[in-house]
Amino acid sequence: MSCKVYQELEERGLVYQSTNAESLQKLLQEAPQAFYIGFDPTADSLHVGSLIPIIVMMHLQKAGHRPIAILGGGTAMVGDPSGKTELRQMLTPEKIVENGKGIAGQLARFLDFRDDRCRLINNADWLSSLKYVDFLREIGRHFSVNRMITAESYKQRLETGLSFIEFNYMILQAYDFHVLCKEQQCRIQMGGQDQWGNIVAGIDLIRRTQSVETYGVTFPLLTTSSGEKFGKTAAGAVWLSSERTSVLDFYQFWRNCEDSEIRRLLSFFTFLPMPEITRLSALQDQAVNRVKEILAYEVTTLVHGQEAATTAYKTAISRFGSADPELKVETSSAIRNISLAQAEVELPTLELSSDQLNTGMTLVDLFILTGLSKSKSQTRRLIEQGGAYLNEQRINADRQLSQADFKKEKIIIRAGKKRFYQILLK
RNA sequence: GGAGAGGUUCCCGAGUGGUCAAAGGGAACAGACUGUAAAUCUGUCGGCAGAGCCUUCGGAGGUUCAAAUCCUCCCCUCUCCA
């Protein structure tokens, strides 16, 4: 087994904090270890924020360790206050189960579940049957409230309000770790930076109840330049499910990342070797765009597969042009093998029947129909501001759509520089 | 349980009877400049229509020619006290 996996994670910047790093490294070098990361089923799909924990799991699994993904079916009933400014809407138990199914399906795409190499466990298995008083006596007595309220995750909420149910989240997560340590010999828990308090609480609990040393590692929290949580765009979060975020939008999300983020994003979200990442992120000018293509292609491949990634790549090139048509930038990414000769592109498409056309469809209607804009007022503003295009011609005023607009049986409309739609006539 | 403060358009946050579709900031969107980046500048930023209407200021009623602004009841949040 590779004994350098911890160093690899550190080198990639994936380790934000760690308890007793030295002895943890030793542990990871000695023998395959079980480790766990929790995913709360608060939505039916994971988004790019959850990609970091997934990738860390992949790194460790490749190195021979055994990931345990905990589906927070029980903890989602309570709701994690960490990193949130207010009480989240309580989820119904049915919704939690449904979300859990979606997330479990997605995890299976990234991790190797064969031969018990990875486990997926739902913490509802033990949490939902807990007896309140027994639990308080066995577990609750090990927690100091004085200590808990000093946790960073609670500080902010102590100013704006924290309900008792959320206050218990830390205890439940600590209990998860306690159970996993006992029953699965799991001695390592990982999670986002905001999970530190919860993780440490688990370590303390286990030390008291089982006299076993356990370890915690957190990953850095990604934020955008304006301090927003990474992965949130105007349209909402960037999801891993292609039904929620199209493959092309997903690709474009990475393609449009900030220059200053390239190195970090490549290290975090791709498996390209670090020397190559260092070389790529040092490139300047036009080559920067090639590096962004590599990044977008690699991450899209990871999440949606090579075929879908290739199509997204080609589609983007057909719209915006290639950043490196002569393939001057060297890379080990499979993107180098894609020939740009044949352009099989997949634009977002809407089919229009001739009935719809004949009953009087205006350009404004069309923009709304495709979702490129939300209301007539918004569309009119778009036109006024010169951001609306029909077949690459700027639209000056709203008018009826006619048969004559369909060049080669299709029209392309565009809102702003990057959002476009293809309309086919049925 | 008592006292006080408060719930405003995506977020923060002004606004205390008409001049309020509601200041300011952020986010977002469009344009210019660029590299499908960032920064900057300009414009937009409830809806429908084009200068008139409709729906918004926690919820439900009420007063008034007129209410985000006043009254009543209810819901929720926070602070202090018990």
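Placed above this text is the structure.
Below you will find a few notes about this structure. (Residues numbered from 1 in each chain as written. Chains lettered and ligands numbered in written order. Predicted model: local features only at pLDDT ≥ 70, side-chain atom pairs only at ≥ 80, totals over all residues. Heavy atoms only, no water.)

**Description of the side chain of serine 45**
Short version of the rule: A run of DSSP states H or I qualifies as a helix once it reaches four residues; a run of E qualifies as a strand once it reaches two. Both are numbered from the N-terminal end. Accessible area is worked out with a 1.4 Å probe on protein chains only. A residue is then buried under 20% of its type maximum, exposed over 50%, and partly exposed in between. Polar contact is defined as a pair of N or O atoms within 3.5 Å, subject to the rule that within protein one atom must be able to donate a hydrogen and the other to accept it, and that residues adjacent in sequence are counted only when both atoms are side-chain atoms. Contacts: residue pairs with any heavy atoms within 4.5 Å of one another.
The residue serine 45 is located in the loop between strand S2 (34–39) and helix H3 (51–62) in this model. Residue classification places serine 45 among the buried residues on the basis of a relative accessible area of 4%. Within the local environment of serine 45, its side chain forms a polar contact with the backbone nitrogen of serine 241, the two atoms lying 3.4 Å apart. Excluding residues within four positions of it along the chain, serine 45 makes contact with Ile103, Gln106, Trp239, Leu240, Ser241 and Arg244.

**A short note on the packing of helix H13 (residues 262–269) against helix H14 (residues 274–281)**
Applied cut-off: Each axis is a line fitted through C-alpha atoms, taken for helices only over the stretch in contact, and angles between the N-to-C directions span 0 to 180 degrees. To sort the angles, those under 35 degrees are grouped as roughly parallel, those over 145 as roughly antiparallel, those from 65 to 115 as roughly perpendicular, and the leftovers as oblique. Take the far helix as your reference; a near helix turned counterclockwise from it by less than a right angle gives a left-handed crossing, and one turned clockwise gives a right-handed crossing. Lys, Arg, Asp and Glu make up the charged group, whereas Ala, Val, Leu, Ile, Met, Phe, Trp, Tyr, Cys and Pro make up the nonpolar group; the residues left over, Gly among them, are polar.
In contact at an axis separation of 9 Å, H13 and H14 are set at 160° when each is read in the N-to-C sense. When the axis of H13 is compared with that of H14, the two are roughly antiparallel. Judged by the sense of rotation from one axis to the other, the crossing of H13 with H14 is right-handed. Facing Ile262, Arg263, Leu266 and Ser267 of H13, the residues of H14 in contact are Met274, Ile277, Thr278, Leu280 and Ser281. Of the residues belonging to the contact of H13 with H14, the class tally is five nonpolar, three polar and one charged.

**What to know about the nonpolar core**
A general feature of soluble globular proteins is that nonpolar side chains tend to end up buried together. Spelled out, the test is: Take the buried Ala, Val, Leu, Ile, Met, Phe, Trp, Tyr and Cys residues and link them wherever side-chain atoms come within 4.5 Å; each set so joined is a nonpolar core.
Core analysis: the largest hydrophobic core is formed by 73 residues, its most contacted members being Phe39, Leu51, Ile54, Met190, Leu240, Trp254 and Phe269. The element best represented in this core is helix H15 (residues 286–304), accounting for nine residues.

**Considerations on the packing of aromatic side chains**
What counts is decided by this rule: Paired rings are identified among Phe, Tyr and Trp, the last through its six-membered ring, by centres lying within 6.5 Å, and are further divided according to the angle between planes into stacked (under 30 degrees), edge-to-face (over 60) and tilted (the rest).
The full count for this structure, using the stated rule, is nine aromatic pairs. Here phenylalanine 135 and tyrosine 175 contribute two aromatic rings whose centre-to-centre distance is 5.1 Å and whose plane-to-plane angle is 90°, an arrangement assigned as edge-to-face. Remark: tyrosine 175 occurs in helix H10 (residues 169–184) and phenylalanine 135 occurs in helix H6 (residues 132–138); sequence separation between them is 40 residues. Tyrosine 175 matches phenylalanine 135 in its accessibility class, with the two residues each being buried. A ring pair is formed by tyrosine 297 and tyrosine 313, whose centres lie 6.1 Å apart and whose planes are at 65°; its orientation type is edge-to-face.

**Quick notes on the environment of alanine 334**
For alanine 334, the position within the fold is in the loop between helix H16 (306–320) and strand S9 (349–352). Along the primary structure alanine 334 and threonine 310 are separated by 24 residues, whereas in three dimensions their C-alpha atoms are 9.6 Å apart. Filtering out sequence-adjacent residues up to four positions away, alanine 334 remains in contact with Tyr297, Glu298 and Gln306.

**Some words on the sheet that holds strand S1 (residues 17–18)**
In a beta sheet, neighbouring strands are held together by backbone hydrogen bonds and run either parallel or antiparallel to one another. Heads up, the rule is: Two strands pair if DSSP finds at least two bridges between them.
Spatially, the six strands line up as an open sheet ordered S1-S6-S5-S2-S3-S4, and their pairing is mixed. Each edge of the open sheet is held by one strand with a lone partner, namely S1 and strand S4 (119–122). Sheet topology note: the strand S3 (residues 66–71)/S4 ladder contains four bridges and is parallel. Note on S4: the bridge partner recorded for isoleucine 68 is arginine 119. Sitting on the sheet, helix H4 (residues 93–110) touches S2, S3 and S4, and the angle it makes with S3 is about 160°. Helix-sheet contacts for helix H11 (residues 196–210) involve S1, strand S5 (186–192) and strand S6 (215–219), and the interaxial angle to S6 is about 175°.

**Structural notes on the pattern of salt bridges**
Convention followed: By definition, a salt bridge exists where a carboxyl oxygen of Asp or Glu is found within 4 Å of a side-chain nitrogen of Lys or Arg.
On inspection of all chains with the given rule, the structure shows 17 salt bridges. Notably, a salt bridge pairs arginine 147 with aspartate 204, separated by 2.9 Å at the nearest N-O pair. Residue arginine 147 is found in helix H7 (residues 145–148), and its partner aspartate 204 is found in helix H11; the two are separated by 57 residues along the sequence. With its nearest N and O atoms 3.1 Å apart, the salt bridge here joins aspartate 204 to arginine 207. Residue aspartate 204 and its partner arginine 207 are located together in helix H11, separated by three residues, close to a single helical turn. Relative accessible area serves as the criterion here: at 13%, aspartate 204 is assigned to the buried category.

**As for the protein's contact with RNA strand B**
Threshold: Neighbouring residues are identified by heavy atoms, a residue being near a molecule or strand if any of them is within 4 Å of it.
Surveying the vicinity of RNA strand B reveals 32 residues, the closest of which are Asn256, Asp259, Lys376, Ser377 and Arg381. One of the side-chain nitrogen or oxygen atoms of lysine 417 is found 2.9 Å away from a base oxygen of RNA strand B. Here lysine 418 contributes a side-chain N or O atom positioned 2.9 Å from a phosphate oxygen of RNA strand B. Secondary structure elements with two or more residues in the surface near RNA strand B: helix H8 (152–160), helix H12 (247–255), H15, H16 and helix H19 (376–384). Per-element tally for the surface near RNA strand B: the top contributor is H19, with six residues. The residue makeup of the surface near RNA strand B, split by class, is eight nonpolar, 12 polar and 12 charged.

**Some thoughts on the pairing of S3**
Operational definition: Every crossover in which the path from the first strand over the helix to the second runs clockwise, viewed with the strands pointing away from the viewer, is termed right-handed.
The buried fraction of S3 amounts to five of the six residues, a majority that puts the element mostly inside the structure. Here six bridges tie S2 to S3, and the two strands are oriented parallel to one another. Within S3, the position partnered with phenylalanine 39 by the bridge is leucine 71. Once you follow S2 into H3 and on to S3, the crossover reads as right-handed.

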